[in-house]
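Breakdown of the fold
Letter by letter, the chains look like this.
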Amino acid sequence: MAKRAVKKTLKKTAKKTFKKAKKAKKAEPSLFDNIESKPAAKKAEAKASVKSSVKTAAKKTAKKPAAAKGSVSSASSASSVKAAKKSGASDQKPVKKRTAKKHKYATAESMGKAQRSISVSEFFAKNRHLLGFDNPRKALLTTVKEAVDNALDACEEAGILPVVHVKITQVSETHFIVSVRDNGPGIVKNQIPNIFGKLLYGSKFHRLRMSRGQQGIGISAAGMYGLLTTGKPVQITSRIGKRANAHFYELKIDTRKNKPEIIRDDVIEWEGIDHGTQVDIELEAKYQRGRQSVDEYLLQTAVANPHVTFFYIAPDGREEEYAGAVKELPPIPQEVQPHPYGVELGVLIKMLQDTSAKSVQQFLSSEFSRVTPRVAKEIIDTAAKKEGGKAGGLTIKTRPSRIDAGMAKAIFASIAETKILAPSTNCVVPIGEEQLIAGLKEVVDAEIYIAVSRRPAVYRGNPFVIEIGLAYGRGESKEKREERLIQEIDEEDSGNGNEERQQAKVMRLANRVPLQYQQGACAVYKSILQMNWRSYGLQQSRGALPTGDLTLVVHMGSVWVPFTSESKEAIASYPEIIKELKLALQDCGRKLGKHIRKAVRIRQELKKRSYIEKYIPAIGEALKDILALKDKQVDKVCHDLEDILERSRKF
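What counts and how
Residues numbered from 1 in each chain as written. Predicted model: local features only at pLDDT ≥ 70, side-chain atom pairs only at ≥ 80, totals over all residues. Heavy atoms only, no water. Helix = DSSP H or I, 4+ residues; strand = E, 2+ residues; numbered from the N terminus. Contact = heavy atoms within 4.5 Å. Pairing = 2+ DSSP bridges. Axes fitted to C-alpha atoms, helices over the stretch in contact; angles between N-to-C directions. Buried < 20%, exposed > 50% of the residue type's maximum accessible area, 1.4 Å probe, protein only. Core = buried A, V, L, I, M, F, W, Y, C linked by side-chain atoms within 4.5 Å.

**Digging into the environment of isoleucine 281**
Counting through the fold element by element, isoleucine 281 comes out in strand β6 (residues 276-284). When the C-alpha atoms of isoleucine 281 and tyrosine 225 are compared, they prove to be 9.2 Å apart, with 56 residues separating the residues in sequence. In this structure isoleucine 281 touches Thr143, Phe176, Ile177, Val178, Ile219, Ala222, Gly223, Gly226 and Val234, once residues within four positions along its chain are discounted.

Here you go:
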């Protein structure tokens, strides 16, 4: 009984002690809070104070009369202390440890809610480098190029000799205003906002005919770049006729919706302009003369388009004019159907599904160029004879909608086996050999000019033409050339003829438009590097351009030029294009090799003649001493030697 009484007493005492401790915590929170909030040393002090209070309470309980019976009191007091310690430890709050938050993974529902469509303008606003606006200097060139391309296309399609005014005004250290005006047919009022404020909007994407613009991105992308870098809208002025009103627009592009946002729409007086269009874009840019500049672009454009007149005002106030050397427009390219050579199987199946033709023969003769009903019948007959029964039941009257995958594959294979005429050239208008040479003469003063224009070829069903112009040597008279060669021979003999020669200059053109950037990624440049120019008499290091006074102009004209990116700076390396480039370069190389070999013979003869002139007088003096000749006899011997040596040469 006594033991039970002691235990009850100790429990009551312990409860009272911890109740007081809780009250103390509320009144003085530092007693327990410091355990969690203070450093380790202070935490230890707080714990010790709690232990001491527990011991004091236990001692007071042991001194009471109820607890002072027999020898059990000491043991019970010890056990009460242990119980108090345990109960005190259980009431004390544990120290919280900081743990890293667990990553909350996405679910199919949350990922589905995050999906949304992206407009093309929003994409290119974040990836403007794809359009040629990756640095301020290139952005200035790209803006001028896109505006000039649109102007030339519009004028030529309307049958107007192009007169283009280009003005670049510097408004601050980094901001410029590009103004391009043409004398074209103008733009109807309701089309102006879409043309200049909407990406992928145009009339040239779905038709197969040669043109400078293709995608409907360029000029609207230039306006978007100006808006992103300066916040200024694009300004457009256009008039479609002398009696029509001139419409003035200020607009910007809504990149989220790929739609134009019109800020201003007015009718204005445009004095002195009967018809045409002017676009003004303020943008962040950098102007610098030299290679890959606006100046060089306009010069090369004038070479490739001798019928165009340019008036150019540079940011520094310098004015230049490139007068049109030709007063006639080039022939207008005609829209054609795709050529069957190069068309892909998937495209053929899609065309069979979409055609309105009633029979396969009608489909082939109406949807492809150079395929007559006779050629179409030959293709179908060849396909019907294919092994494996893939084209079983195929006749010239079979409806295109009933053609399955096996029949389509047989038709696709038989197209490659059938002889079909090359595509017509009326869809592609080459510059021409004479025009190429004339353009080169305006830029390069050379010794010889060579031009080659290949017959039309096909890649992926798209016709294209490769043209190459070449200028070699220095433009000088025969006498000056001989003097220069003799001087070079003397320098070689004296050991001073190791002067390094510069590499050839390459001008790349696509649909009469100069390509300034991404030279290493272009099929044209790769083809020139892969040529063995040493076999044609030129010096060339491995993996480099040939050296010497050489200028190459390479032009690709096509209904669809396969550019490597939307900036339209490099031509893709399709095998058909590489093949035509190599053949054209080899043709030029053979003609150049003949001229160089002839020049080498002339050089050798000049070298012999220099030796004759140098050593015959010494021979005459030696003969005079040996044979005791008189001066007249010496002169006669020297004259006879010169005559014999001259006649022995083929110069």
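**Thoughts on the pairing of strand β2 (residues 175-182)**
Strand direction decides the pairing type here: strand β1 (residues 163-170) and β2, joined by six bridges, are antiparallel. Of the residues in β2, the one forming a bridge with lysine 167 is serine 179. Note: β2 against β6, eight bridges, orientation antiparallel. The partner of arginine 181 across the bridge, within β6, is glutamine 278.

**Description of the sheet that holds β1**
Across the sheet, eight strands lie side by side as β5-β4-β3-β6-β2-β1-β7-β8; this open sheet has mixed pairing. Where the open sheet ends on each side, the last strands, each with one partner, are β5 (259-268) and β8 (319-322). Each neighbouring strand pair of the sheet contributes to a mean axis angle of 15 degrees, computed without reference to strand direction. Pairing of strand β4 (residues 246-254) with β5 involves nine bridges; the strand directions are antiparallel. Its bridge partner being in β5, phenylalanine 248 is matched across the sheet by aspartate 266. Strands β2, β3 (234-239), β4 and β6 of the sheet are contacted by helix α9 (residues 218-230), whose axis makes an angle of about 35 degrees with β6.

**Re the side chain of lysine 138**
Take lysine 138: it is sitting in helix α7 (residues 136-157). Lysine 138 gets classed as buried once you look at its relative accessible area, which sits at 3%. Among residues more than four places away in sequence, those in contact with lysine 138 are Gly132, Tyr517 and Gln518.

**Things to note about unusual backbone geometry**
Even without a glycine there, the phi angle at glutamine 292 is positive, about 55 degrees. Within the secondary structure layout, glutamine 292 lies in the loop between β6 and α10 (294-304). Here glutamine 518, not a glycine, exhibits a phi torsion of approximately 55 degrees, which is positive. Along the chain, the position of glutamine 518 falls in the loop between β13 (513-515) and α17 (523-530).

**Considerations on the nonpolar core**
Formed by 48 residues in total, the largest nonpolar core has its most connected members in Val148 and Val164. With eight residues, α7 is the largest single contributor of residues to this core. Excluding residues that lie within four positions of it along the chain, valine 148 makes contacts with Val164, Val166, Val180, Tyr297 and Phe310. Residues Ile466, Leu538, Met556 and Cys588 belong to the second largest nonpolar core, which totals 40 residues.

**Observations concerning the pairing of β8**
Sheet analysis places strand β7 (residues 309-313) next to β8, joined by four bridges and oriented antiparallel. Its bridge partner being in β8, isoleucine 313 is matched across the sheet by glutamate 319. What sits between β7 and β8 in their antiparallel hairpin is a turn of five residues, with glycine 317 showing a positive phi close to 90 degrees.

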